[in-house]
Amino acid sequence: MRSLKPRDNRAWFGVLPVVLIVAFSAVIPLMTVVNYSVQDILDFNTRFFVGFEWYRETLNDPRFLSAFVRQVVFSGTILLIEIPLGIAVAKGIPRNSKLTPFILILLALPLLIPWNVVATIWQIFARPDIGLLGVGINALGIPYNYATDPTHAWITIVAMDVWHWTSLVALLAFAGLTAIPRPFYQAAEIDGANRWQIFRLIELPRLRGVLIIAILLRLMDSFMIYTEPFVLTGGGPGNATTFLSQYLTTMAVGQFDLGPAAAFSVIYFLFILLFCWLFYSSVVRNDDS
Amino acid sequence: MLELTDVRLRADAVEGFDHVFQAGEISVVLGSNNAGKTDLCRLIAGLHTRASGTISVDDCKLGNLAPQHRPVGLVYQAFVNYPNLTVSENIASPMVARRLPAVERDRKVVELASMLQIAEFLDRLPHELSGGQQQRLAIARALAKDAQILLLDEPLANLDFKLRESLENELRDLFGKTSTVVIYTSSDPRDAFALGDQILLLKDGAKIQAGTPIDVYRFPESFAAMELLAEPIINHFESSGDSCALRPEHVLIGNDDVPGNVDFKMLVTANETNGNDSFIHGEVGGRHWVVRCHGMRAIDVGTTIDLFASADDVVCI
């Protein structure tokens, strides 16, 4: 049976502002980049169409590949540390104490500091000559110097990221934990479940939603990390802490290779999209089974 | 047999009360919100609570025994199951904690699931069940502990009323056959009549009366006890210096000269109906009264009507 209501397409006008904003903030810039990525740009008036040449070149570039591997290792490492640590911190926050708001504010502080300031703080903090951390570690007899030793540089960047972002995971997990009704804990107590079982059977499943958000946010953010290693180590020593974004910037702004840099950007973008999609869809598929 | 001695449901209670719950009976604990029903359940289960008192099961004091070592199962108003365990794993969970052999566990799971009519969902997760099925699962879990005492803390309050009625009937059949002490808390007097072999009335953390539902209904010891078993309120009046009260269903509309009956005049202020029953609100002697009568009925607001009641139904305290 046909609907008696006349069709009214005017509702599309309501969507128009969103379409316009998305067009200018995402679609048009992205299309510009795609356009650049298939051309060899000598100057703004001299361009050649080169097809997928830059893509081929980027994917075969050993510097891109090593930066990519570094990036994956970095994101994997900080996720493996920040997610469990964030949950542990959240479990340690008292629920209904007078102290709770202060603890939450204290936890939120690192999140409010601008990224370059965070990096500067750590740069000074970890300096082996004047920094509290650097001098302290050296005083223990360990010749720590993040500017010369790649391993030390890595540890410092990971430590900085953990310090900066674990709070986010902790705050999300805390919100998730407080949403669990008390009867769940009492039922587990009556069943004789121990603390690990309570965590595994009640808290973890109930934290699932917020943890998915936390992992996605941290995955995307850490994959795009730029400011902190740029300020702290400048990508060094050597290329030890040069991540994708920094290599890209060198290419686009430093060497003005617009074509290859554009191809790089598109690949970079697709990888982030792919990782998030893989993670999200595997999680959602688990829900269905 | 579950024996409570010197129970104080509130920290500031002046004196405690004693009560005995018999095995093989369903005891309905009736009280309004915040009367202490949940505190009573927690006290018996050994959970953290402000209530205090001595609890003994078959003359054996429970003392400070931890919840998992008490012979107690508990079902909540909220549907509490382990979210990522299947129905069968959920039912098995208390038995796993007690390290029962797997064969016996499986047998028991099937038995309980078919008893509570969730046998066809054994491989599903709790969130894939309807509300009524989730609560059946919670009851099966509580029964799986093989507890001598089963506490049901307003278990059907979150279900719609048709489901409540059918589950209520099932529960009565289910628990009627066991030798378990079943304690069922509720704020609805209908539950007391539908389920209760015995009822215990609580108000402000104190026991106000106990007995069979019919006895408590017919011979309330206080207006508070009468109020708990009345719907919606009781009608107070003074008779030769005594405080008296009548239930809404015992007040009839009309003028009757039979000796021994009592008569009133009521100014009608409002009408309410649910189809089955109608509630006529009004004022008698400056007090708010409600008359409950059968079927759909409405009386013009502002009219004054005659009421009467049998003297047998008048409760004077």
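Residues numbered from 1 in each chain as written. Chains lettered and ligands numbered in written order. Predicted model: local features only at pLDDT ≥ 70, side-chain atom pairs only at ≥ 80, totals over all residues. Heavy atoms only, no water.

Regarding the domain arrangement of chain A
All names here are of chain A.
Point 1. Domain assignment breaks chain A into domain 1 (11–49) and domain 2 (62–288).
Point 2. Put simply, the middle of domain 1 and the middle of domain 2, counted by C-alpha atoms, are 31 Å apart.
Point 3. The interface is formed by eight residues belonging to domain 1 together with seven residues belonging to domain 2.
Point 4. Surface buried jointly by domain 1 and domain 2 totals about 580 Å² across both partners, of which 87% is contributed by carbon and sulfur atoms.
Point 5. Run the count over domain 1 and domain 2 and you get zero salt bridges.
Point 6. Summed over the shared surface of domain 1 and domain 2, the result is zero residue pairs in polar contact (both at pLDDT 80 or more).
Point 7. Looking at the side of domain 1 that touches domain 2, the elements that each hand over two or more residues are α1 (11–37) and β1 (39–43).
Point 8. A per-element tally of the side of domain 1 that touches domain 2 places α1 first, with five residues.
Point 9. Its residues placed into classes, the side of domain 1 that touches domain 2 shows six nonpolar, two polar and no charged. (Domains from an automatic or database assignment. Contact = heavy atoms within 4.5 Å. Buried area = accessible area lost by both parts, 1.4 Å probe. Salt bridge = Lys/Arg side-chain N within 4 Å of Asp/Glu carboxyl O. Polar contact = N/O pair within 3.5 Å; in protein donor to acceptor, adjacent residues only side chain to side chain. Helix = DSSP H or I, 4+ residues; strand = E, 2+ residues; numbered from the N terminus. Nonpolar A, V, L, I, M, F, W, Y, C, P; charged D, E, K, R; others polar.)

Focus: the pattern of salt bridges
Point 1. Evaluation of the coordinates by the stated rule reveals 18 salt bridges over all chains.
Point 2. A salt bridge links A:Asp191 to B:Arg141, with the nearest nitrogen and oxygen atoms 2.9 Å apart. Here A:Asp191, found in helix α8 (residues 182–191), pairs with B:Arg141, found in helix α4 (residues 131–144), and the two come from separate chains. Each member of the pair, A:Asp191 as well as B:Arg141, carries the same accessibility label: buried.
Point 3. Here B:Arg292 and B:Asp277 are joined by a salt bridge, their closest N and O atoms 3.1 Å apart. Taken together, the residues span a long stretch of sequence, with B:Arg292 in strand β16 (residues 287–294) and B:Asp277 in strand β15 (residues 277–284) at a distance of 15 residues.
Point 4. Its relative accessible area of 21% is what places B:Arg292 among the partly exposed residues. (Buried < 20%, exposed > 50% of the residue type's maximum accessible area, 1.4 Å probe, protein only.)

Some words on the nonpolar core
All names here are of chain B.
Point 1. Core analysis: the biggest nonpolar cluster contains 77 residues, and Leu2, Leu40, Ile44, Ile149, Leu151 and Ile183 have the highest contact counts within it.
Point 2. Filtering out sequence-adjacent residues up to four positions away, Ile149 remains in contact with Leu2, Ile44, Val57, Pro71, Val72, Gly73, Thr180, Val181 and Ile183.
Point 3. Ranked by size, the runner-up nonpolar core spans 43 residues in total, among them Val75, Ile91, Leu116 and Leu201. (Core = buried A, V, L, I, M, F, W, Y, C linked by side-chain atoms within 4.5 Å.)

Quick notes on the pairing of strand β14 (residues 261–273) of chain B
All names here are of chain B.
Point 1. Of the pairings in the sheet, the one linking β14 to strand β17 (residues 304–310) comprises seven bridges and is antiparallel in character. Across the sheet, residue Lys265 finds its bridge partner in β17, namely Asp306.
Point 2. Where β14 and β15 come together, six bridges link them in antiparallel fashion. Following the sheet pairing, Val268 is matched in β15 by Gly282. (Pairing = 2+ DSSP bridges.)

Section: the interface of chain B and chain A
Point 1. Counting residues at the interface gives 20 residues for chain B, matched by 15 residues for chain A.
Point 2. The tally of links from chain B across to chain A stands at one salt bridge.
Point 3. Put simply, chain B and chain A have five residue pairs in polar contact (both at pLDDT 80 or more) between them.
Point 4. Tallying contributions element by element places helix α2 (residues 87–97) of chain B first for the side of chain B that touches chain A, with three residues.
Point 5. Here the residues of the side of chain B that touches chain A are counted per class, giving 13 nonpolar, four polar and three charged.

Quick word on the state of the cysteines
Residue and element names in this part refer to chain B.
Point 1. By the definition in use, this model includes one disulfide over all chains.
Point 2. Disulfide pairing is shown between Cys244 and Cys316; the S-S distance is 2.1 Å. When the S-S torsion is 95°, as for the bridge of Cys244 with Cys316, the disulfide is right-handed. Here Cys244 is found in strand β12 (residues 242–246), whereas its partner Cys316 is found in strand β18 (residues 315–316), with 72 residues between them in sequence.
Point 3. Under the relative-accessibility criterion, Cys244 is labelled buried at 1%. (Disulfide = S-S within 2.5 Å.)

So, the environment of B:Ser186
Residue and element names in this part refer to chain B.
Point 1. Along the chain, Ser186 turns up in strand β8 (residues 181–186).
Point 2. With sequence-adjacent residues up to four places away left out, Ser186 is seen in contact with Val29, Leu30, Gly31, Lys37, Glu154 and Asp191.
Point 3. For Ser186, the side chain forms a polar contact with the side chain of Asp191, separated by 2.5 Å.

Observations concerning the packing of aromatic side chains
Point 1. One pass over the full model with this rule turns up 23 aromatic pairs over all chains.
Point 2. Members of the aromatic cluster, joined through ring pairs, are A:Phe64, A:Phe68, A:Phe223, A:Tyr247, A:Phe264, A:Tyr268, A:Phe271 and A:Phe275.
Point 3. The ring of A:Phe184 has A:Arg206 sitting right over it, with the charged end atom 4.4 Å from the ring centre.
Point 4. The side chain of B:Arg247 reaches across the aromatic face of B:Tyr217, ending 3.9 Å from its centre. (Phe/Tyr/Trp six-rings, centres within 6.5 Å; stacked < 30°, edge-to-face > 60°. Lys NZ or Arg CZ within 6 Å of the ring centre and 35° of its normal.)

Considerations on helix α3 (residues 62–92) of chain A
Point 1. The end-to-end C-alpha distance of α3(A) is 45 Å, a good match for the 45 Å that 31 residues give at a rise of 1.5 Å each.
Point 2. The residue sitting at the N-terminus of α3(A) and contributing the capping side-chain oxygen is A:Asp61; that oxygen lies 2.9 Å from the backbone nitrogen of A:Arg63. (Expected span 1.5 Å × (residues − 1).)

Let's talk about the domain arrangement of chain B
Reports of interface size often rely on the accessible area that becomes lost once the parts have come together.
Residues and elements named next belong to chain B.
Point 1. Here the domain parsing of chain B yields domain 1 (2–225) and domain 2 (232–316).
Point 2. On a C-alpha basis, the centres of domain 1 and domain 2 stand 37 Å from each other.
Point 3. Buried area between domain 1 and domain 2, both sides added, is near 530 Å², and the carbon and sulfur share of it is 63%.
Point 4. On the domain 1 side of the contact with domain 2, Tyr217, Pro220 and Phe223 bury the most area, a combined 95% of that side's loss.
Point 5. Counting every contact that joins domain 1 to domain 2 gives zero salt bridges.
Point 6. Seen at the junction of domain 1 and domain 2, the total is three residue pairs in polar contact (both at pLDDT 80 or more).
Point 7. Residue composition of the side of domain 1 that touches domain 2, by class: four nonpolar, no polar and no charged.

Details of the sheet that holds β16(B)
Point 1. What the five strands build is an open sheet, ordered β13-β17-β14-β15-β16 (chain B); its pairing is antiparallel. Edge positions in the sheet fall to β13 (252–253) and β16 of chain B, since each has one partner strand and no second.

Some remarks on the packing of α4(B) against helix α5 (residues 161–176) of chain B
Residue and element names in this part refer to chain B.
Point 1. Relative orientation of the contacting elements α4 and α5 amounts to 20°, with a least axis distance of 11 Å. By the angle between their directions, the pair α4 and α5 is classed as roughly parallel. In this structure, α4 meets α5 at a crossing whose hand is right-handed. Mapping the contact onto sequence places Gly132, Arg136, Ile139 and Leu143 in α4 and Leu163, Leu167, Glu170, Leu171, Leu174 and Phe175 in α5. (Axes fitted to C-alpha atoms, helices over the stretch in contact; angles between N-to-C directions. Parallel < 35°, antiparallel > 145°, perpendicular 65-115°, else oblique. Left-handed = near helix turned anticlockwise from the far one by under 90°.)

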